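Working through the structure, step by step
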Amino acid sequence: MTNDKVIGKDINDISVVVQGGVSATTADVLRGLRTAFPNAEIVLSTWENSDLGGLDYDKVVLSPDPGAQMAYEAVGVYNNVNRQLISSAAGVNTATRSYILKTRTDIFIKSAAFLNCFGKYDGQAPYIFQNRLLICNYYTRNPRVQSVCFHPSDWLLFGRAEDVRLFYADFSLQTDEEAVWFKTRRKDSLLYENYLSRFTPEQYIFLSFLRRFQDIEIDCYYSSSPELRRLTEELYAKCFVVLDYRAELDIKFSKYDPNRYFEKYLLISHWQWHALYQRYCEDTASFRWMLYLLFSRLARFSYGLRQNTVALLDRLNLKEPLKQCLNGRKKSV
């Protein structure tokens, strides 16, 4: 069941930008979007020389593939941030409707009901945007738990067309030096011990946006301080509305099992985002805020135990093979 209104606006006034490489699931993803958003403009943003046979879209934009950069050399995992930046920007700049939903070629969206959250929390002015962008809680990381700052989810986002375009405007691609930053530099953290890049893709994109409006001094992906954590929380509250996977957001991501490894406890859920909104936008020390502080402290203690185990697996180059083994076992069940 779909909703035909988005805060008084016709759902037909939406462009759905589907970015990324064409895969075996892309045709089904696009068909699902036709059902969830029956009269929306569907823009496919992918790579030159892609096989577009059997794909249902209104517009297509083909970009040269910048290629991936190495992220975990020991196990052959790549960083695709430049691909995401190029295909997202090309897609949103091709879209013609007043609102844009930016999603991926491997995410199934089953319902448009989440759009009713748009504008709901804009009584308190957003930062830069006209309206807060809707994003997913996976992988919007809680900076008090994992000490990873400025890490909002990059799975999908929805907002006014001009706000979404602004988010992806005037970016610089990640350099080869930044991609393998820790190949020649000392790392003072056990977090993602074999990770080579200076920042995660989520951080790189968000920081690229933020640094057009303010100076943010942060050295690398694990840099953390009370001020950086506070600023991360404040910007989450003022830039976004975080919606929970499979709750407010009825979606399925075919690439990942988001409920694996208890990762939801490392993330900002919708109720936690609401606590940040009350604290940083309404200036209210609510019960929800107190609960958020307690939850974050307990989750950080639990994560510390887990982190030592993961760091050991990472050091032995067993983390990624174990993840692939577990994922493969789940798929075969």
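Residues numbered from 1 in each chain as written. Predicted model: local features only at pLDDT ≥ 70, side-chain atom pairs only at ≥ 80, totals over all residues. Heavy atoms only, no water.

Bringing empty space enclosed by the protein into the picture now. Applying the stated criterion to the full structure yields two cavities of 30 Å³ or more. Its volume calculated, the largest cavity comes out at about 80 Å³. Lining the largest cavity are I135, P152, S153, D154, L156, L157, F167, Y168, E202, I205, F206 and F240. Here the lining of the largest cavity gets three residues from one element, more than from any other, and that element is helix 6 (residues 201–210). (1 Å grid on protein atoms, 1.4 Å probe; cavity = no way out; pocket = protein on both sides within 12 Å on 5 of 7 lines; lining within 4 Å. Points joined across faces, edges and corners; volume = space filled by probe spheres on them. Helix = DSSP H or I, 4+ residues; strand = E, 2+ residues; numbered from the N terminus.)

What follows is about the pattern of salt bridges. A full pass over the atoms with the stated rule returns 16 salt bridges. Sharing partners across several salt bridges, the network here consists of E227, R230, E234 and K238. (Salt bridge = Lys/Arg side-chain N within 4 Å of Asp/Glu carboxyl O.)

Attention shifts here to the side chain of T200. Locating T200 in the fold gives a position in the loop between helix 5 (176–179) and helix 6. Overall, T200 belongs to the buried group, its relative accessible area being 6%. Among the polar contacts made by the side chain of T200, one reaches the side chain of H151 at a distance of 3.2 Å. Setting aside its immediate chain neighbours within four residues, T200 contacts H151, Y192, Y195 and Y221. (Buried < 20%, exposed > 50% of the residue type's maximum accessible area, 1.4 Å probe, protein only. Polar contact = N/O pair within 3.5 Å; in protein donor to acceptor, adjacent residues only side chain to side chain. Contact = heavy atoms within 4.5 Å.)

Applying the stated rule across the entire model yields 32 aromatic pairs. Between Y121 and Y277, the ring centres sit 5.5 Å apart and the planes meet at 70°, which makes this aromatic pair edge-to-face. In this pair, Y121 sits in the loop between strand 9 (107–109) and strand 10 (133–136) while Y277 sits in helix 8 (residues 270–280), placing the two residues 156 residues apart along the sequence. Geometrically, the ring pair formed by W155 and Y245 is edge-to-face, given 5.8 Å between the ring centres and 80° between the ring planes. Within this pair, whereas W155 is found in the loop between helix 3 (143–146) and strand 11 (157–160), its partner Y245 is found in the loop between strand 12 (240–243) and strand 13 (251–253), the two being separated by 90 residues in sequence. With a relative accessible area of 2%, W155 lands in the buried category. Relative accessible area serves as the criterion here: at 8%, Y245 is assigned to the buried category. Among the aromatic residues, those joined into a cluster by ring pairs are F129, F167, Y168, F206, F209, F213 and F240. Here R185 stacks its cationic end above the ring of W181, 3.5 Å away from the centre of that ring. R198 extends its terminal NZ or CZ atom over the ring of W181, reaching a point 4.0 Å from the ring centre. (Phe/Tyr/Trp six-rings, centres within 6.5 Å; stacked < 30°, edge-to-face > 60°. Lys NZ or Arg CZ within 6 Å of the ring centre and 35° of its normal.)

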